[in-house]
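Close look at the chain arrangement
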Amino acid sequence: MALVDGPLIAEVDMGADLSAPTVRATVVQASTVFYDTPATLDKAERLLAEAASYGSQLVVFPEAFVGGYPRGSYFGATIGNRTPKGKEEFRKYHAAAIDVPGPEVDRLAAMAGKYKVYLVMGVIERDGYTLYCTVLFFDSQGLFLGKHRKVMPTALERIIWGFGDGSTVPVFDTPVGKIGAAICWENRMPLLRTAMYAKGIEIYCAPTADARDVWQASMTHIALEGGCFVLSANQFCRRKDYPPPPEYVFQGTEENLTPDSVVCAGGSVIISPSGTVLAGPNYEGEALVSADLDLREIARAKFDFDVVGHYSRSELFNLTVMDEPTCPVTFTSTSGSIKGSERSFSNSLLKTNKAQITNLCVGDARTSL
């Protein structure tokens, strides 16, 4: 699915000093090919190639770009009941999700390496029969760095997505800056943000599904609060980007929609540590929104306000983060055959001699169904 009338490129040149530590970043504003993960990956590669052709070193995709954001659906769920049609919707949505690690992750890694970009990609992750809204991170050499699982799905998202835990709130120290991500409304969680600030985040990625004007206020606040660049990517979707009824129905609004009706208006934006909007917000259509990030701006902003440094008052306020994986099942010996994913082991367990392990996590799925 090609971009409508080509991408809209918004770029800001932060200065002519070629020795400055400047990173060109792009946020992608485009829709999933719903229920068609191979086609979505093809589209992602086209967009990534185009961003790289403009010199982008870091590219951020929207929430749930691979796997899809099921806007307008309620999966046939009411309190005390799930309909057969809703269960079939979940089966199809589950089939469109991806395993991490898995072949789709390998392809995304290969894309990042091919186009020499750092890639931040929103996906729907399948872990057994529980799904997670997840962000994957890749470096410019094609290495999968890790993931962040959304720690708190919002409202009806909780019937289809599990809850992430503290073990997947990473900040990666890369040559283009310290990069991390929070997804959609978890950006409004002060303690989650504080944990990321404490890890030294410099380029704060905020994939989202929120196209409202008020979202821009949150993004500006986070940039000022964290003294970091904020890169927010959202999908731009029309009704025709989803399957037609009766296969897919926008509950409560379907009768008012035409194929060209906008169901998610985008609003992707890039904001500096001083709160200056460098590019966007874009509400016009599918777009690549780009800006040059002058990393020297971070120190200038921190001089005014360092939320986990000179402004923290740690003798009054303190945050403890539980960053070990949570496990629904543990075994007291290693005698049995363990079929859980390697994703369930903490780094410390991976480095421990098997004979010394007394408790093993099997699977880390936490269902909210």
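Everything discussed here concerns the structure shown above.
Residues numbered from 1 in each chain as written. Predicted model: local features only at pLDDT ≥ 70, side-chain atom pairs only at ≥ 80, totals over all residues. Heavy atoms only, no water.

Here we come to the sheet that holds strand β12 (residues 229-232). An order of β9-β10-β11-β12-β15-β16 is seen for the six strands of this open sheet, with the pairing classed as mixed. Because the sheet does not close on itself, it has two edges, and the strands there are β9 (171-174) and β16 (277-282). On average, adjacent strands in this sheet sit at an angle of 15 degrees to one another, irrespective of strand direction. (Pairing = 2+ DSSP bridges. Helix = DSSP H or I, 4+ residues; strand = E, 2+ residues; numbered from the N terminus. Axes fitted to C-alpha atoms, helices over the stretch in contact; angles between N-to-C directions.)

Time to look at the pairing of β16. On any regular strand, side chains alternate: one points to one face of the sheet, the next to the other face. Relative to β16, strand β15 (residues 268-271) runs antiparallel, the two being bridged by three bridges. Residue pairing across strands places I270 opposite A279, the latter belonging to β16. From the end of β15 to the start of β16, which pair antiparallel, there are five residues, and G275 there has a positive phi angle of about 90 degrees.

Within the structure shown, the criterion is met by 15 aromatic pairs. Centre to centre, the rings of F34 and Y35 are 4.8 Å apart; their planes meet at 55 degrees, and the pair counts as tilted. Residue classification places F34 among the buried positions, given a relative accessible area of 8%. Pairing Y242 with Y248 gives two aromatic rings, centres 5.1 Å apart and planes at 40 degrees, and the pair type is tilted. For Y242, a relative accessible area of 7% puts it in the buried group. Grouping aromatic residues by their ring pairs yields a cluster made of F34, Y35, F75, Y93, Y242, Y248 and F250. One cation-aromatic arrangement involves R188 over W185; the distance from NZ or CZ to the ring centre is 4.3 Å. (Phe/Tyr/Trp six-rings, centres within 6.5 Å; stacked < 30°, edge-to-face > 60°. Buried < 20%, exposed > 50% of the residue type's maximum accessible area, 1.4 Å probe, protein only. Lys NZ or Arg CZ within 6 Å of the ring centre and 35° of its normal.)

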